[in-house]
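Reading the structure
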Amino acid sequence: MFLGGYLGSCAAQLATYAACTACHCASREVLRHSARVAWSVLFFLAMIVAWVLRDFATPILQKIPWIVKDVGHVDIDKWFGQQAVYRVSMGNFLFFACMSLAMIGVKFKGDKRDRYLHHAHPLLKLGLWLLFTALPFLFPNEVLNAYSWMARFGSGVFLVIQMIILLDFVQCWNDSWVANGEENDRWLYGLMGLTCVGYGGTLTLAGLMYYWFKPAGAGSCSLNIALITLTLLLVVGFSVLSLAPLARGGSIFPSSMISLYAAYLCFSALQSEPRDYQCNGLGHRLTAASGGTLALGMVVTLASVVYAAFRAGSNTALFTLEGSEEGEPLAHRQALLSAEEGNTSAGLDGVPDVAEATRDAVTGGPSKSEASAAMIPVTYNYSFFHLIFALASMYIAMLMTGWGSVSQEKDRIDVGWVSVWVKTAAEWVTGLLYMWTLVAPALFPDRDFS
């Protein structure tokens, strides 16, 4: 009995050790080969650090003389919380901005900046990230005040980029399914079904907004009623325009998806109204956005940032930076990628396999993996990828401080009148941008908008 139990315990320990080792090796290889995963992990860590310091760093910051001197007569906890978020945000902005500048001009995977800076040396990049994150805590408050205003502008740019990516994604989705529908009608039926879902979701959300944000006994709530009604009018406007002869290539499916997104932004804006506002009926039913709710909001934000980086960085037609893919035809890049796929083994982001590189080093002579990688074009724009994360670092600062509002409460996130108007503006910019994409080909027939 004793021997059997001892052997079983040893077997369990060996199995646990083997599983942990396998997971460790697998995660290490994933982070080594997929740079986008590694950078996303760093950004997630930045969000966690900013969140923790915002709520718990006051006793530490009170001991730093160049930070304490400008406290004044404001709420100490709120002020120090905002200072902590701004400094972490600024450190990450500088880190990713420097990476973006360093990656300008990387066109092929044989570039040393790709092999040794963008993909390899995770510990070195972690050390640099820690250094950049700590550096702003040495800056005077005047520098951070200037950065907080710059972050407002950078956050707006980040939101606009997300809107453009959304419009491009929906249009590409529509074009792809329409093209497939020429051979099989099921694709067209799918578009029709999703169009109904989009408009159905829009009307359902509008009904819920009228119910939640115009509660009984709360007065007229004219502001909320106006915002919801104007959203519906905007939806009707660009939906009708998409079917008009003026809109060349217009389609009702993209309109339904943009309608649903506009309704969501309106809902998000109204939900951000102060919890004690009498017309925020939903806010009265919700607890403060702390703990699990805040964590969920951070995960959603991270997912949107990662998607924006993937979409923008992988699109050679949008946001092409000088010195990256400019001037190189997409067909030529795709031909190079296809021709080289069979000649080299690569990791998740196209980095030559470590085992193959090791064999090349042992055998001596020219490295087959390095020779192949030298002419393989990169699959996404590294410089713009890091620029997205730099702008997202600014957006995180605004999200966690209520866009710099002194009335933002520590246990809440993205709540306040500033957030309401920022989201309302984002909704209307999205709608107007979509309407512009519909009429621009007719207004400027000599330009290529494909």
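Residues numbered from 1 in each chain as written. Predicted model: local features only at pLDDT ≥ 70, side-chain atom pairs only at ≥ 80, totals over all residues. Heavy atoms only, no water.

Considering the nonpolar core
Grouped together as the largest cluster of nonpolar side chains are 56 residues, with contacts concentrated most on Trp39, Phe43, Leu61, Phe95, Phe96 and Phe158. Secondary-structure elements contributing two or more residues to this core are helix H2 (35-56), helix H5 (76-102), helix H7 (122-134), helix H8 (141-181) and helix H17 (382-401). The dominant element in this core, judged by the number of residues it contributes, is H17, at 15 residues. Contacts of Leu61, omitting those with residues within four sequence positions, involve Ile67, Val68, Phe80, Ala84 and Phe137. (Core = buried A, V, L, I, M, F, W, Y, C linked by side-chain atoms within 4.5 Å. Buried < 20%, exposed > 50% of the residue type's maximum accessible area, 1.4 Å probe, protein only. Helix = DSSP H or I, 4+ residues; strand = E, 2+ residues; numbered from the N terminus. Contact = heavy atoms within 4.5 Å.)

Observations regarding the side chain of Thr195
You can see Thr195 is positioned in helix H9 (residues 185-212). Given a relative accessible area of 9%, Thr195 falls into the buried group. Not counting residues within four places of it along the chain, the set of residues in contact with Thr195 comprises Ile252, Phe253 and Ser256.

Here we look at the packing of aromatic side chains
Between two aromatic rings, the relevant description is the distance of the centres plus the angle of the planes. By the definition in use, this model includes 18 aromatic pairs. Ring geometry for Tyr277 versus Trp417: centroids 5.1 Å apart, planes at 75°, classification edge-to-face. Placement of Tyr277 in the loop between helix H11 (252-271) and helix H12 (281-285) and of Trp417 in helix H18 (residues 417-443) is noted, with a sequence separation of 140 residues between them. In this structure an aromatic cluster arises from ring pairing among Trp39, Phe43, Phe95, Phe96, Phe132, Phe385 and Phe389. Directly above the aromatic system of Trp149 lies the positively charged group of Arg152, at a separation of 4.1 Å from the ring centroid. (Phe/Tyr/Trp six-rings, centres within 6.5 Å; stacked < 30°, edge-to-face > 60°. Lys NZ or Arg CZ within 6 Å of the ring centre and 35° of its normal.)

Some points on the state of the cysteines
Enumeration according to the criterion identifies 1 disulfide in this entry. The disulfide partner of Cys221 is Cys279, and the S-S distance across this bridge is 2.0 Å. On the sign convention where negative means left-handed, the S-S torsion of about -95° between Cys221 and Cys279 marks this disulfide as left-handed. Placement of Cys221 in the loop between H9 and helix H10 (222-243) and of Cys279 in the loop between H11 and H12 is noted, with a sequence separation of 58 residues between them. Note on accessibility: Cys221 and Cys279 belong to one class, buried. (Disulfide = S-S within 2.5 Å.)

Focus: H10
Between the first and last C-alpha of H10 there are 32 Å, a value that for 22 residues agrees with the 32 Å anticipated at 1.5 Å per step. Where H10 is buried, its residues touch H9, H11 and H18. (Expected span 1.5 Å × (residues − 1).)

Observations regarding H11
Its 20 residues give H11 an end-to-end C-alpha distance of 28 Å, which sits within 8% of 28 Å, the value for a rise of 1.5 Å per residue. Most of H11 is tucked away: 15 of the 20 residues are buried.

Describing unusual backbone geometry
Phi at Cys221 is positive, roughly 50°, even though this residue is not glycine. Taking relative accessible area as the criterion, Cys221 reaches 4% and is therefore assigned buried.

Some details on the packing of H9 against H10
The N-to-C vectors of H9 and H10 enclose an angle of 165°; their axes lie 10 Å apart at closest approach. Taken together, the axis directions place H9 and H10 in an arrangement best described as roughly antiparallel. Between H9 and H10 lies a crossing of left-handed hand. Side by side, H9 and H10 meet where Tyr199, Thr202, Ala206, Met209 and Tyr210 of the first sit next to Ile225, Ile228, Thr229, Leu232, Val235 and Ser239 of the second. When grouped by side-chain class, the residues that make up the contact of H9 with H10 number 8 nonpolar, 3 polar and no charged. (Axes fitted to C-alpha atoms, helices over the stretch in contact; angles between N-to-C directions. Parallel < 35°, antiparallel > 145°, perpendicular 65-115°, else oblique. Left-handed = near helix turned anticlockwise from the far one by under 90°. Nonpolar A, V, L, I, M, F, W, Y, C, P; charged D, E, K, R; others polar.)

Examining the pattern of salt bridges
Between side chains of opposite charge, a pair can form when the charged atoms approach closely. On inspection of all chains with the given rule, the structure shows 1 salt bridge. The residue Asp111 makes a salt bridge to Arg113 at a minimum N-O spacing of 3.1 Å. For Asp111, a relative accessible area of 21% puts it in the partly exposed group. Taking relative accessible area as the criterion, Arg113 reaches 27% and is therefore assigned partly exposed. (Salt bridge = Lys/Arg side-chain N within 4 Å of Asp/Glu carboxyl O.)

Considerations on the confidence of the model for the chain
Looking at the chain, pLDDT values average 75 and 67% of them are 70 or higher. Here helix H1 (residues 2-33) stands out as the least confident element of the chain, with mean pLDDT 43; H10 is the most confident, with 93. Overall, residues 321-330 carries pLDDT values under 50, and its contacts beyond four positions in sequence, including any with other chains, amount to 21 contacts. Across residues 340-348 the pLDDT falls below 50, and counting only partners more than four positions away or on other chains, this stretch makes 19 contacts in the model. (pLDDT = per-residue confidence, 0-100.)

Some remarks on a nonpolar patch on the surface
Taken together, the side chains of Val37, Val41, Phe44, Leu45, Leu123, Leu126 and Leu130 present a nonpolar region at the surface, about 560 Å² in accessible area. Elements supplying a minimum of two residues to the nonpolar patch: H2 and H7. Per-element tally for the nonpolar patch: the top contributor is H2, with 4 residues. Residue placement: Leu130 occurs in helix H7. (Patch = residues over 30% accessible without salt bridge, like charges linked within 9 Å, V, L, I, M, F, W, Y side chains within 5 Å. Areas by Shrake-Rupley, 256 points an atom, 1.4 Å probe, with all protein chains shown as cover.)

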